[in-house]
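These are the residues of each chain, in order.
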Amino acid sequence: PDKRTVNKSGKHPIKLVITFQRKKKLYSIGLDLSPQEWEKIQSKNLKDKNLIERKREMESIKNTATKFITQIGDNFTFELFEQLMFGLRKNIPKDKKDVFAEIDQKIS
């Protein structure tokens, strides 16, 4: 959670943090949680169906970001990451060794 900002309902926006060469960028993922909800999501015995769904959404976004970072590989830049993560899929260098990335590119 980005504790620097609070919305009217007392919730903090949840952000994805990407660090590359000692530089951090934060990306909003469109979810807001209160400090109490954040604590509950971090627990192992989560029972609230709404929070379970939000946790799944966060994990899905994290997995997608990890997949794109792996796909970019040594050519990583924040600009390329943003193009992949947020739907702008042009001008992305191809890793000739990654067969799965080639297949994904063809499908796209």
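Up top is the structure.
Along each chain, numbering runs from 1 in the same order as the chain's sequence is written. A pLDDT threshold of at least 70 governs which residues receive local features in this predicted model, and a stricter bar of 80 or more applies before side-chain atom pairs are shown or counted, although totals over entire chains, interfaces and linings include all residues. Side-chain numbers here rest on the full set of heavy atoms in the structure, without hydrogens or water.

### Some remarks on unusual backbone geometry
Here's step 1: Positive phi outside glycine occurs at Q21, with the angle close to 50°.
Here's step 2: The residue Q21 is located in the loop between β1 (12–20) and β2 (23–33) in this model.
Here's step 3: Even without glycine at this site, R22 takes up a positive phi of about 65°.
Here's step 4: Helix numbers and strand numbers start at the N terminus; a helix is a DSSP run of H or I with at least 4 residues, a strand a run of E with at least 2. Note on placement: R22 falls in the loop between β1 and β2.

### Regarding the packing of aromatic side chains
Here's step 1: Here a pair means two rings of Phe, Tyr or Trp (six-membered ring of Trp) with centres within 6.5 Å. Their orientation is stacked below 30 degrees between planes, edge-to-face above 60, and tilted elsewhere. Scanning the entire structure with this criterion turns up six aromatic pairs.
Here's step 2: Consider the rings of Y27 and F81, whose centres lie 5.6 Å apart with planes at 55°: the pair is tilted. Taken together, the residues span a long stretch of sequence, with Y27 in strand β2 and F81 in helix α3 (residues 78–85) at a distance of 54 residues. As far as the burial class goes, Y27 and F81 line up, both buried. Three labels apply to residues, based on accessible area from a 1.4 Å probe with only protein chains included: buried if under 20% of the type maximum, exposed if over 50%, partly exposed otherwise in between.

### Overview of a nonpolar patch on the surface
Here's step 1: Patch building starts from residues that exceed 30% relative accessible area and form no salt bridge, then joins like charges within 9 Å and nonpolar side chains (Val, Leu, Ile, Met, Phe, Trp, Tyr) within 5 Å. All accessible-area figures derive from a Shrake-Rupley calculation using a 1.4 Å probe, and residue coverage is judged against the displayed protein chains alone. Here, a salt bridge means any side-chain nitrogen of Lys or Arg that lies within 4 Å of a carboxyl oxygen of Asp or Glu. On the surface, F100, I103 and I107 cluster together into a nonpolar patch covering about 380 Å² of accessible area.
Here's step 2: Along the chain, the position of I103 falls in helix α4 (residues 99–107).
Here's step 3: Assessed through its relative accessible area of 45%, I103 is described here as partly exposed.

### Considerations on α3
Here's step 1: Burial runs high along α3: six of the eight residues are buried.
Here's step 2: Listed as buried for α3 are F78, L80, F81, Q83, L84 and M85.
Here's step 3: Those residues of α3 hidden inside the fold are in contact with β1, β2 and α2 (49–72). By definition in these notes, contact holds between two residues if any of their heavy atoms fall within 4.5 Å.

### Things to note about the pattern of salt bridges
Here's step 1: Summed over the entire model, instances satisfying the criterion amount to four salt bridges.
Here's step 2: Here K11 makes a salt bridge to E37, at a shortest N to O gap of 3.7 Å. Of the two residues, K11 sits in the segment before β1 while E37 sits in helix α1 (residues 35–42), which places them 26 residues apart along the sequence.
Here's step 3: Judged by relative accessible area, E37 falls into the buried class, the value being 18%.
Here's step 4: Through salt bridges with shared partners, one network takes in D2, R4 and K15.

### Focus on the nonpolar core
Here's step 1: Definition of nonpolar core: a set of buried residues of the types Ala, Val, Leu, Ile, Met, Phe, Trp, Tyr and Cys, connected through side-chain atoms within 4.5 Å. Formed by L16, I18, Y27, A65, F68, I72, F76, F78, L80, F81, L84 and M85, the largest nonpolar core amounts to 12 residues.
Here's step 2: Counting residues per element, the ones that place at least two in this core are β1, α2 and α3.
Here's step 3: Here this core gets five residues from one element, more than from any other, and that element is α3.
Here's step 4: Of all hydrophobic cores here, the second largest spans seven residues; its members include L33, I41, L46 and M58.

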